[in-house]
Amino acid sequence: MSEKEHKKADSPLERLVNGLVKENPTFVLMLGMCPTLAVTTSAKNGLGMGLATTAVLMLSNLIISLLRKIIPDRVRIPAFIVIIATFVTAVQLLMEAYLPDLNQALGMYIPLIVVNCIILGRAESYAYHNPPISSFFDGLGMGLGFSVALTMIGAVREVLGTGKLFDHTVMPSGYIPINIFILAPGAFFVLAALTAIQNAIRIRMKNSGKKNGMEPAGCVHDCSQCGIGGCSVRLYDTNEGKGER
Amino acid sequence: MEGVKELLMILIGSSLVSNVVLSQFLGLCPFLGVSKKIKTAAGMGGAVIFVITLASGVAGIIYRFLLVTLGLEYLQTIVFILVIAALVQFVEMFLKKYMHSLYEALGVYLPLITTNCAVLGVALTNVQKKYGIWKGITNGFATAVGFLIAIVILAGIREKTEYNDVPEAFQGMPIVLISAGLMSIAFFGFSGLHW
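As the structure is a prediction and not an experimental result, all values here were calculated from the model. (Residues numbered from 1 in each chain as written. Chains lettered and ligands numbered in written order. Predicted model: local features only at pLDDT ≥ 70, side-chain atom pairs only at ≥ 80, totals over all residues.)

Trainee: I'd like to hear about the overall build of chain B, residue by residue, with values.
Mentor: Scanning chain B for helices and strands turns up nine helices and zero strands. Ordering the α and β elements of chain B from the N terminus gives α-α-α-α-α-α-α-α-α. The C-alpha atoms of chain B give a radius of gyration of 18 Å, which matches the 16 Å a tight globule of 195 residues would have. Across its three principal axes, chain B shows a C-alpha extent of roughly 60 × 45 × 30 Å. A buried classification covers 49% of the 195 residues belonging to chain B. (Helix = DSSP H or I, 4+ residues; strand = E, 2+ residues; numbered from the N terminus. Rg over C-alpha atoms; globule rule 2.2 N^0.38 Å. Buried ≥ 20, exposed ≤ 12 C-beta atoms within 10 Å, placed from the backbone.)

Trainee: Pulling in residues and values, what's your account of helix α4 (residues 76–98) of chain A?
Mentor: With 23 residues, α4 of chain A extends 33 Å from end C-alpha to end C-alpha; this agrees with the ideal 33 Å at 1.5 Å per step. When α4 of chain A is considered as a whole, its buried residues turn out to be Ile77, Phe80, Ile81, Ile83, Ile84, Ala85, Phe87, Val88, Thr89, Val91, Gln92 and Met95 of chain A. (Expected span 1.5 Å × (residues − 1).)

Trainee: Explain the confidence of the model for chain A to me, using residue names and the numbers behind them.
Mentor: Residues and elements named next belong to chain A. In the predicted model, chain A carries a mean pLDDT of 77, and 80% of its residues have values of at least 70. When pLDDT is averaged over each helix and strand of chain A, the minimum, 40, is found for helix α9 (residues 223–226) and the maximum, 91, for helix α3 (residues 43–66). Scored below 50 in pLDDT, residues 212–245 shows 92 contacts in the model against residues more than four places distant or in partner chains. (pLDDT = per-residue confidence, 0-100. Contact = placed C-beta atoms within 7 Å.)

Trainee: Report on the environment of Gly71 of chain B, specifying residues and quantitative values.
Mentor: With respect to the helices, strands and loops of the structure, Gly71 of chain B is situated in the loop between α3 (38–70) and α4 (76–98). Gly71 of chain B sits 120 residues away from Ser191 of chain B along the chain, and the two C-alpha atoms are 37 Å apart.

Trainee: Can you lay out unusual backbone geometry for me, pointing to particular residues and giving the numbers?
Mentor: A negative phi angle characterises most non-glycine residues, just as the trans form characterises most peptide bonds. Residues and elements named next belong to chain B. Positive phi, close to 60°, is recorded for Phe25, a residue that is not glycine. Along the polypeptide, Phe25 turns up in the loop between α1 (2–17) and α2 (28–33). Of the residues examined, Phe25 has 26 C-beta atoms within 10 Å and is grouped as buried.

Trainee: Lay out the packing of helix α7 (residues 117–128) of chain B against helix α8 (residues 133–161) of chain B in plain terms, naming residues and giving numbers.
Mentor: All names here are of chain B. One can describe the packing of α7 onto α8 by two numbers: an axis separation of 10 Å at closest approach and a directional angle of 145°. Of the two possible hands of crossing, α7 and α8 adopt the one that is right-handed. For the pair α7 and α8, contact is made by Ala118, Val122, Thr125 and Asn126 and by Gly136, Asn139, Gly140, Thr143 and Phe147, respectively. (Axes fitted to C-alpha atoms, helices over the stretch in contact; angles between N-to-C directions. Left-handed = near helix turned anticlockwise from the far one by under 90°.)

Trainee: Any details on the nonpolar core? Residues and values, ideally.
Mentor: Within soluble globular proteins, side chains that are nonpolar generally end up buried alongside one another. Judged by nonpolar contacts, the single largest core of 118 residues is most densely connected at Val56 and Ile84 of chain A together with Ile84, Leu120 and Ala123 of chain B. When sequence neighbours within four positions are dropped, the list of residues in contact with Val56 of chain A reads Ile84, Phe87, Val88, Val91, Ile113 and Ile119 of chain A. (Core = buried A, V, L, I, M, F, W, Y, C linked by C-beta atoms within 7 Å.)

Trainee: With reference to specific residues and values, describe the confidence of the model for chain B.
Mentor: Residue and element names in this part refer to chain B. Here chain B averages 84 in pLDDT, while 94% of its residues score no lower than 70. Mean pLDDT values for the elements of chain B range from 68 in helix α6 (residues 110–113) up to 91 in α8. Scored as a complex, the prediction yields pTM 0.81 and ipTM 0.82.

Trainee: If you had to explain the environment of Met49 of chain A to someone new, which residues and values would you point to?
Mentor: Residues and elements named next belong to chain A. Relative to the assigned elements, Met49 resides in helix α3. Taking the number of C-beta atoms within 10 Å as the measure of exposure, Met49 has 28 and is therefore buried. Among residues more than four places away in sequence, those in contact with Met49 are Pro35, Val39, Leu106, Tyr109 and Leu150.

Okay, here's the thing in structure tokens:
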């Protein structure tokens, strides 16, 4: 993950749009695939997971940005992890108390938000170098982008797999649900279709001679590309390693 | 006898019936990233077995004797992730210094799995299912064996499909995901093994 030069204090709106569209974590960056596949059996679960991640992302970005001058460079990753894990635990306890059904449905994927590539990736590549307000909105934008993506994937799987959407029947009564879409293989197929669409767009852009803005980054392609912001978190400085960084 | 049967059930259940990648989507990143060749896939699988077995043991001991005794169960996520990350780094350093041949074999893969979701996932599952330390270690080992099986099979398929004529848009990751989906369907066959 290359260090990008960020302008001083991006506007909140620009950050929101960036997270939702330009750098959508799921559709463009292809980050955080484990939860994306695991919890999108229905639109509701997707939305719940997305919002839980959004909450963690906003708060961790805010705190990391506030502490960015205090956290020493060499121990920044453990520091990020502790901050993120704290908020994940808080979200988990809140969900246990107020949304027990959703908590049951999402199960251990809530604590696993800690290892979601997106959160550590944003901490490392944005919040650690930018002021609190734009970091907060960066987290909000990324989180909303993730939520929208998860809800959409969940909706597709729910409609095809059960004929319902948000628990309301939407398909005509003659529709026979394709059960496989809410089971594990369906997740792989939906993601395959998604990456194929992304590939098709990239090929078309290349053919028409446009510079493509999509980096084939993310966990789906190769662990090593995630670098430190990936699923594979190293507790220490990787600058001495062979990685891209 | 009863205990042995229970361990055996965990062994089969975690490795085949609810396979860690194909039905729980944990550890997807190395599963898709390091499955180009059977040899590297097997190396990765070996490293995962090593790390997950060790990590589930250590996490189990810490949970049982530290967190439960102090009544701090709610700190499990934070403690587990730090313990696992530190553990893997320590293992890497230890292997590099004292067991160089093993380090040569697994070393490259260790940083890739430091805290991949599967390691943390197993530690959390062990707590969730109230497995004791031994059952936890068995579960960890079985989960990792399931990972090894899945990644080696996928690597085998990928070596074959590499020379196939795949539609342009489906080249690369999409076709791998479809293979994984088909494997996932095949693994449903194991759900009959519940007894």
